[in-house]
Every structure is written in C-alpha cells, then in structure tokens.
Amino acid sequence: MTQSVAIVTGAAGDIGRAIASRLADDHDVILLVDIDLVAAEKAARMLGPVERFVALSCDVTSAESVAAMAKAAAALGAVRTLVNNAGAARAVSLQSTTPEDWRADTALNLEAPFLCFMAVADLLKATQGSVINIASVNGMNVFGHPAYSAAKAGMLHFTKLVAVEYGKFGIRSNAIAPGTVRTQAWEARAAANPNVFEEARRWYPLQRVADPMDVANAVGFLASPQANSISGVCLPVDCGLTAGQAELARTFSQSADY
Ligand SMILES: NC(=O)c1ccc[n+]([C@@H]2O[C@H](COP(=O)([O-])OP(=O)(O)OC[C@H]3O[C@@H](n4cnc5c(N)ncnc54)[C@H](O)[C@@H]3O)[C@@H](O)[C@H]2O)c1
C-alpha cells in the first residue's frame, strides 16, 4: 500500500521537530526538511526509525532546492500534508531594518511557503491533502520584528488564497499563529535577558507561554480528518494573547477582577 507522507520544513527546530513527532501519529513517513542537514538528521534520529523519519537538506528560499524536495517527497509515497514551518526573524525594529533584512525576512517567511506549496500542489491534489502554515501572532498585531511580521501577515493572506483557489481540488489550507514558544529561536534574547520569558508571561491571559508540543497538537488536528471542513482559518496558539490583555482591562475598567 502507498505510504502517506507529511513534509515539515524547518523540522530541525524545536517546533518543527514537535510537529514531525505529532504527525507521525497518522502519517507513515515524515520528511524533515531543513537547511541544516546535520541538525535535521539529528532530529530524525531522535524521533525514530529512518524508514519513518527522513531528513532532507533543502533551502526553502531556493526554487531549485524546493523542486528537488518535492521530487524526494513524491518518491516516498502519497503526500498528504505540507507544513510550512521554517521561519526566522532578522530585523528587530523598522528603524534598524535594511533593505537586505527586509528581503531576507520576506523571502524566508512569505516567499518560501509559496514556493513550497506550489511545488507540491499537484501531489496534494492527488491526496486531497492540506497545507498548514506556521504564522505568528506577529502577523496579526505589532509585537516587533517588522519585516518578519509583515511576511507573516502576508502568509495569513496566502493561506486564504490557497483555501479559495484550491478548495475545488479538495485541498485545505490553514494557518496557526503561535504566541511566544520556548525554542532555540529565543536563545540570543534569553542570553541577553534571562527574565525574557518571565516578562513575556504577564501579557498572556493564561500567564504562561506555549510549548512546541502545543503548536504540534494544533497542526495534528488541522491535518487530520477531524478538521475536514476547516479551511482558510488561522488558529492562534497563543495562551490568549490576541484576545486581549488583563492588565489593560484592569486599567480601563478599574476593576480588580482582572
Ligand atoms: N518560537 C516562537 O516563539 C515562535 C512564535 C511564533 C511563531 N513561530 C514560528 O514557528 C516556526 C518555527 O520556529 P522555531 O522557534 O521552532 O524556530 P527555530 O529557529 O527553532 O527553527 C527554525 C528552523 O528553520 C530552519 N531554516 C531556517 N532557514 C531555512 C531555510 N532557508 N530553508 C530551510 N530551513 C530553514 C532552521 O535551520 C531551523 O532548524 C517559525 O516559522 C517561527 O516564525 C515561532
């Protein structure tokens, strides 16, 4: 029987690895795609047998590299799920953003999901599969990292574009917007300020930040038949951040109930 395949980009990272682990619950093979092959191979080894967790070197910002990735995925079986998870932010503020930063952040966070989807669209048509884009709360409101955020906002629109244009092929397209998640992407900030998570925590209604597995479980749901009628949405996994801030509600209402 043909094996079902899930592609996870940026799979060597903490969120990507958690997504790969979760998708293995209902996919036969997970293709762990990353620009850092050594790290992707390490992640694959951590997750399980080489027949099920396959590491692949790919720069998702390069059309040639992405085309080779799609070919490798097709050779593994029937591609049912694409998770556009590779992402990173360079520029921290608009005033410090160079044109080069802007291009790099938008290439990785917006153009690459487009390249990856287009490369596997026919494979997803064949399985009536789905794409899940890992966006960010930064795509919904201003939380710093402007070029990254503008790209993530574009990614949310791209999610809807695919839902509308490819719905007739049975392809579903959804996004997830994580708030703060403890991952290696925070290493430099945590080194500069050891209290960074403690300071972030107070803005979150649940008074904590998310774990990579929280994001992975949302991906698992959206990729599953349980989400068969869900397309074009963005599911925040943000401990309530985009619902509002209790501190502000306390000031505005002058009620200690917040
Ligand atoms: N960590 C957070 O707080 C947070 C919050 C919101 C959204 N996100 C999003 O979640 C996703 C994963 O974030 P993370 O925190 O696990 O990051 P991470 O830095 O731990 O992992 C990102 C991975 O992407 C890979 N990558 C970078 N450029 C690539 C390229 N050109 N081609 C292929 N792979 C490439 C890196 O090698 C790395 O393994 C990102 O899209 C990020 O924007 C993270």
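Residues numbered from 1 in each chain as written. Predicted model: local features only at pLDDT ≥ 70, side-chain atom pairs only at ≥ 80, totals over all residues. Heavy atoms only, no water.

## Some remarks on the overall build of the protein
Our working rule: Labels follow the DSSP assignment, with helices taken as runs of H or I lasting at least four residues and strands as runs of E lasting at least two, numbered in each case from the N terminus. For this measure, only C-alpha atoms enter the radius of gyration; the expected value for a globule follows 2.2 Å times N^0.38, where N is the number of residues. With a 1.4 Å probe rolled over the protein chains alone, any residue whose accessible area is under 20% of its type maximum counts as buried; one over 50% counts as exposed, and the rest are partly exposed. Note on definitions: a residue-residue contact is assigned when non-hydrogen atoms from the two residues lie within 4.5 Å. Note that accessible areas follow from Shrake-Rupley with a 1.4 Å probe, and for residues the cover is restricted to the protein chains shown.
Regarding its fold elements, the protein presents nine helices and seven strands. Relative to the globule expectation of 18 Å for 258 residues, the C-alpha radius of gyration of the protein, 18 Å, shows essentially globular dimensions. Taken along its principal axes, the extent of the C-alpha atoms in the protein is 65 × 35 × 35 Å. Within the protein, buried positions represent 46% of all 258 residues. A fraction of 70% describes how many contacts in the protein between residues 6 or more apart in sequence connect residues 24 or more apart. With the model as given, the accessible surface of the protein reaches about 12,600 Å², and the carbon-plus-sulfur share is 55%.

## A word on the environment of isoleucine 134
Relative to the elements of secondary structure, isoleucine 134 occurs in strand E5 (residues 130–134). Spatially, the C-alpha atom of isoleucine 134 lies 5.8 Å from that of alanine 175, the residues being 41 residues apart in sequence. Beyond its immediate chain neighbours, meaning those up to four positions away, isoleucine 134 contacts Ile19, Val83, Asn84, Asn85, Lys152, Met155, Ile176, Pro178, Val215 and Val219.

## Some remarks on helix H8 (residues 212–223)
Filter applied, for reference: Expected span of a helix, by definition, is 1.5 Å for each gap between consecutive residues, and there is one gap fewer than residues.
When the terminal C-alpha atoms of H8 are compared, their 17 Å separation across 12 residues agrees well with the 16 Å that a helix rising 1.5 Å per residue should span. Residues of H8 that are buried include every one of Pro212, Val215, Ala216, Ala218, Val219, Gly220, Leu222 and Ala223, and no others. Buried positions along H8 lie against helix H1 (14–23), strand E4 (78–84), E5, strand E6 (172–178) and strand E7 (234–237).

## A look at the site of the ligand
Operational definition: Here a residue is considered near a molecule or strand provided that any single heavy atom belonging to it is located within 4 Å of it. In protein, a polar contact requires one atom able to donate a hydrogen and another able to accept it; more generally it is a pair of N or O atoms within 3.5 Å, and residues adjacent in sequence count only if both atoms are side-chain atoms. Put plainly, a pocket is an open set of points on a 1 Å grid over the protein atoms alone with protein on both sides within 12 Å along at least five of seven lines, a cavity is a set where a 1.4 Å probe fits but cannot get out, and a lining residue has an atom within 4 Å of a point. Put plainly, a molecule is in a cavity or pocket when over half of its atoms are within 2 Å of the grid points there. The nonpolar class holds Ala, Val, Leu, Ile, Met, Phe, Trp, Tyr, Cys and Pro. Asp, Glu, Lys and Arg form the charged class, and all remaining residues, Gly among them, are polar.
The environment of the ligand is made up of 28 residues, and the closest members are Asp34, Asn85, Tyr148, Thr183 and Trp186. At 3.0 Å, a backbone N or O of valine 60 approaches a nitrogen atom of the ligand. Within the contact set of the ligand, an oxygen atom lies 2.8 Å away from a backbone nitrogen or oxygen of valine 181. In isolation the ligand offers 840 Å² of accessible surface; the protein chains occlude 89% of this area. More than half of the atoms of the ligand fall within 2 Å of the grid points belonging to the largest pocket. Of all elements in the fold, only H1 and helix H5 (146–166) reach the threshold of two or more residues within the shell around the ligand. A class-by-class count of the residues in the shell around the ligand yields 14 nonpolar, 10 polar and four charged.

## Observations concerning the sheet that holds strand E3 (residues 53–57)
What counts, and what does not: In this description, strands pair whenever DSSP reports at least two bridges between them. Here an angle of 0 to 180 degrees is reported between the N-to-C directions of two axes, which are lines fitted to C-alpha atoms, with helices fitted over the stretch in contact.
Strand order in the open sheet made by the seven strands is E3-E2-E1-E4-E5-E6-E7, with parallel pairing throughout. This sheet does not close on itself; its edge strands, each paired only once, are E3 and E7. Here the average twist between neighbouring strands, direction ignored, is 20°. Inspection of the sheet shows strand E2 (residues 29–34) paired to E3 by five bridges, in the parallel sense. Bridging across to E3, leucine 32 finds its partner in alanine 55. Relative to strand E1 (residues 4–9), H1 is tilted by about 170°, and along the sheet it contacts E1, E2, E3, E4 and E5.

## Concerning the layout of surface pockets
Selection criterion: Grid points are joined across faces, edges and corners, and a volume is the space filled by probe spheres set on the points.
Computed from the structure, the largest pocket encloses a volume of approximately 1,300 Å³. Elements supplying a minimum of two residues to the lining of the largest pocket: H1, E2, helix H4 (99–127), H5 and helix H7 (196–201).

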